[in-house]
Amino acid sequence: VQLQASGGGLVQAGESLRLSCAASGSIVGIKDMRWYRQAPGKQRELVAVITGGGATNYADSVKGRFTISRDNAENTVYLRMDSLKSEDTAVYYCNAELKSSSHVWRNYWGQGTQVTVSS
């Protein structure tokens, strides 16, 4: 069981990106799915979360600009990032509670994807 993130890149301020994170393996359940980010020299921070029922919550710094969504059929979580700012530059990580075929819930992290916003 693993999480695989993709979609990062280099964009200019004001542009958009969409990150994806797919869970793979023998998965029988997924609870909350989250996106975190870590900028150079800073602590990792929670950006957005979506529950199994679809409820969402965002960090104040991204409210109104970022949208988290999930496709339960594809075991995938997305982060649509609009009106990007230079301060959004960071490595973005996905995170989720997954239940494997062993029926044990565990917390998993994706490998991180770099987002760089030039001003």
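Refer to the structure above for everything that follows.
Every chain begins its residue count from 1, and numbering advances along the sequence as written. The predicted nature of this model means local features are confined to residues of pLDDT at least 70 and side-chain atom pairs, given and counted, to a pLDDT of 80 or more, with totals for whole chains, interfaces and linings taken over all residues. The basis for every side-chain value is the complete set of heavy atoms in the structure, and neither hydrogens nor water enter the calculation.

Draft legend 1. Region of interest: the overall build of the protein chain. Secondary structure elements follow DSSP: runs of H or I no shorter than four residues count as helices, runs of E no shorter than two count as strands, and numbering proceeds from the N terminus. Summing up its helical and strand segments, the protein chain has zero helices and 11 strands in all. Listing the helices and strands of the protein chain from first to last along the sequence gives β-β-β-β-β-β-β-β-β-β-β. Relative to the 2.2 N^0.38 estimate, which gives 14 Å for 119 residues, the radius of gyration of the protein chain is 14 Å and therefore close to what a compact globule would have. Principal axes of the C-alpha set define a box for the protein chain whose edges measure 45 × 25 × 25 Å. Under the scheme applied here, a residue whose accessible area is under 20% of the maximum for its type counts as buried, over 50% as exposed, and between as partly exposed, the area being computed with a 1.4 Å probe on protein chains only. Here the protein chain holds 119 residues, and 43% of them are scored as buried. Residues count as neighbours in contact if any of their non-hydrogen atoms are within 4.5 Å of one another. Long-range pairs, those at least 24 residues apart, make up 55% of the contacts in the protein chain between residues at least 6 apart in sequence. Charge convention: Lys and Arg are scored as positive, Asp and Glu as negative, and His as well as the terminal groups of each chain are ignored. Charged groups are reduced to one reference atom each: NZ for lysine, CZ for arginine, CG for aspartic acid, CD for glutamic acid. In the protein chain, the 13 positive side-chain charges and the 10 negative ones have mean positions that sit 5 Å from each other. The size measure is the radius of gyration over C-alpha atoms, and the globule rule it meets is 2.2 Å times the number of residues to the 0.38 power.

Draft legend 2. Structural detail: the packing of aromatic side chains. Geometry of aromatic contacts follows a simple scheme: Phe, Tyr and Trp rings, the Trp one being its six-membered ring, pair when their centres are within 6.5 Å, and the pair is stacked under 30 degrees between planes, edge-to-face over 60, tilted otherwise. For the coordinates displayed, the defined rule picks out two aromatic pairs. The interplanar angle of 50° and the centroid separation of 4.9 Å between the aromatic rings of Y36 and W109 together place this pair among those described as tilted. Pair noted here: Y36 is in strand β4 (residues 27–38) and W109 is in strand β10 (residues 105–109), with a separation of 73 residues, a long-range link. When the centroid spacing of 6.4 Å and the interplanar angle of 85° are considered together, the rings of Y93 and W109 count as edge-to-face.

Draft legend 3. Quick peek at the pattern of salt bridges. Salt bridges are defined by distance alone: a side-chain nitrogen of Lys or Arg within 4 Å of a carboxyl oxygen of Asp or Glu. For the structure on display, the rule yields seven salt bridges. Residues R34 and E97 are paired through a salt bridge, measuring 3.0 Å at the closest nitrogen-oxygen approach. Here R34, found in strand β4, pairs with E97, found in strand β9 (residues 90–100); they are 63 residues apart in sequence, far enough to count as distant. Grouping residues by exposure puts R34 and E97 together as buried. Among the ionic pairs, R65 bridges to D88, the shortest N-O distance being 2.8 Å. Placement of R65 in the loop between β6 (56–58) and β7 (66–71) and of D88 in the loop between β8 (76–81) and β9 is noted, with a sequence separation of 23 residues between them. The residues R65 and D88 share a single accessibility class, namely buried. Within this structure, R37, E45, R65 and D88 form a network of salt bridges that share partners.

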